[in-house]
Amino acid sequence: VGDGVDIATKTEIDSLFLATVRLGYAWNRNLAYVKAGYASAEVNLRAAGEIGPADVGFSSSERHAGFTIGGGFEYAFTDRVTFGLEYNRVDLGNATHVGFATIDDTPVTDVPVRVEPDVLHVAMARLSLKFGDDAAALPAVLK
């Protein structure tokens, strides 16, 4: 980072949550769609190292909120078995983490650190099995 500064950082993303809306086109046994919506995740930051002669440690955990966009394709092998592929681009934005630090074993509280996670690229393959009575699931007007 600079002269006399040697800090290692580790960022972990836990509990990714996506709430999306899909818009698509279906033909025969195929479905293609695009999607967009809200994204949120718990971002944990840990840092340790040296600034000059001082040993420094830092930790924090904050929930980041942002957005997701993506798309996918599904194919129905039968009325009860489908296969799908999906891609999501997740941007969690940035946030100021206020965490706990130690400098030469002396605790320091309320230390602000700006965190900007990279954009996540999430790909998923899914096999869906449908159970139950098809006739019971249809509304009365469609029977």
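For every chain, the first residue of the written sequence is number 1, and numbering continues from 1 along that sequence. Local features in a predicted model are, by the rule used here, given only for residues with pLDDT of at least 70; side-chain atom pairs are given and counted only at 80 or more, and totals for whole chains, interfaces and linings are based on all residues. Note that the side-chain values use all heavy atoms of the structure and ignore hydrogens as well as water.

Considering the pairing of strand β4 (residues 81-91)
For clarity, the threshold we go by: Residue exposure (1.4 Å probe, protein chains only): buried if accessible area is under 20% of the type maximum, exposed if over 50%, otherwise partly exposed. Helix and strand definitions here come from DSSP, where helices need a minimum of 4 consecutive H or I residues and strands a minimum of 2 consecutive E residues; each element is numbered from the N-terminal end. At least two bridges found by DSSP between two strands are what make those strands a pair.
Judged by which residues are buried, β4 turns out to be one-sided: Thr82, Gly84, Glu86, Asn88 and Val90 face inward and are buried, whereas Val81, Phe83, Leu85, Tyr87, Arg89 and Asp91, on the alternate face, are not. The pairing of strand β3 (residues 54-76) with β4 spans 10 bridges and is antiparallel. Each bridged residue has a counterpart across the sheet, and for Phe73 the counterpart in β4 is Leu85. The hairpin turn running from β3 into β4, its antiparallel successor, is 4 residues long. Pairing between β4 and strand β7 (residues 120-129): 10 bridges, direction antiparallel. Following the sheet pairing, Asn88 is matched in β7 by Val122.

What about the layout of surface pockets?
Using the following cut-off: Method remark: on a 1 Å grid restricted to protein atoms, a set of points is classed as a cavity if a 1.4 Å probe fits but cannot get out and as a pocket if it is open with protein on both sides within 12 Å along at least five of seven lines; lining residues have an atom within 4 Å of a point. Grid points are joined across faces, edges and corners, and a volume is the space filled by probe spheres set on the points. Only Asp, Glu, Lys and Arg are considered charged in this grouping, and only Ala, Val, Leu, Ile, Met, Phe, Trp, Tyr, Cys and Pro are considered nonpolar; every other residue, Gly among them, is considered polar.
Roughly 200 Å³ of internal volume is contained in the largest pocket. In this structure, the largest pocket is lined by 15 residues; those nearest its centre are Thr9, Leu45, Ala47, Phe58 and Val113. Looking at the lining of the largest pocket, the elements that each hand over two or more residues are β1 (5-27), β2 (30-51), β3 and β6 (106-115). For the lining of the largest pocket, a count of residues per class yields 10 nonpolar, 3 polar and 2 charged.

With respect to the confidence of the model for the chain
To keep things clear, this is the line we draw: A score between 0 and 100, pLDDT records how confident the predictor is in each residue.
Model confidence for the chain is summarised by a mean pLDDT of 85, while 90% of its residues fall at 70 or above. Of all secondary-structure elements in the chain, the lowest mean pLDDT belongs to helix α1 (residues 134-137), at 57, while β4 reaches the highest, 96.

Some thoughts on a negative patch on the surface
Note the threshold: Note that patches include only residues with greater than 30% relative accessible area and no salt bridge, and the join distances are 9 Å for like charges and 5 Å for nonpolar side chains (Val, Leu, Ile, Met, Phe, Trp, Tyr). Only the protein chains shown count as cover for residues, with accessible areas throughout obtained via the Shrake-Rupley method and a probe of 1.4 Å. Salt bridge, as applied in this entry: a Lys or Arg side-chain nitrogen positioned within 4 Å of an Asp or Glu carboxyl oxygen. This count recognises Lys and Arg as positive and Asp and Glu as negative, with His and chain-terminal groups excluded. For this purpose, a charge sits on NZ of Lys, CZ of Arg, CG of Asp or CD of Glu.
Together, Asp6, Glu50, Asp55, Asp104 and Asp105 make up a region of like negative charge exposed at the surface. Along the chain, Asp6 falls in strand β1. Classification of Asp6 by relative accessible area gives exposed; the value is 54%.

Remarks on the pattern of salt bridges
Applying the stated criterion across every chain, the model contains 7 salt bridges. Residue Arg22 is joined to Glu74 by a salt bridge in which the shortest nitrogen-to-oxygen separation is 3.1 Å. Taken together, the residues span a long stretch of sequence, with Arg22 in strand β1 and Glu74 in strand β3 at a distance of 52 residues. Between Glu86 and Lys35 there is a salt bridge, with the nearest N and O atoms lying 2.9 Å from each other. Placement of the pair is Glu86 in strand β4 and Lys35 in strand β2, with a sequence separation of 51 residues. The exposure classification of Glu86 matches that of Lys35, with both residues buried. Each of Arg22, Lys35, Glu74, Glu86 and Arg126 takes part in a single network of salt bridges with overlapping partners.

Side note on the environment of Ala8
Formally: Every residue pair with non-hydrogen atoms within 4.5 Å of one another is taken to be in contact.
You can see Ala8 is positioned in strand β1. Between the C-alpha atom of Ala8 and that of Ala47, which follows or precedes it by 39 residues, the distance is 5.6 Å. Excluding anything up to four places from it in sequence, Ala8 contacts Arg46, Ala47 and Ala48.

Some remarks on unusual backbone geometry
Most peptide bonds take the trans configuration, and most residues that are not glycine carry a negative phi. The backbone of Ser15 sits at a positive phi, close to 45 degrees, despite the residue not being glycine. Tracing the backbone shows Ser15 in strand β1.

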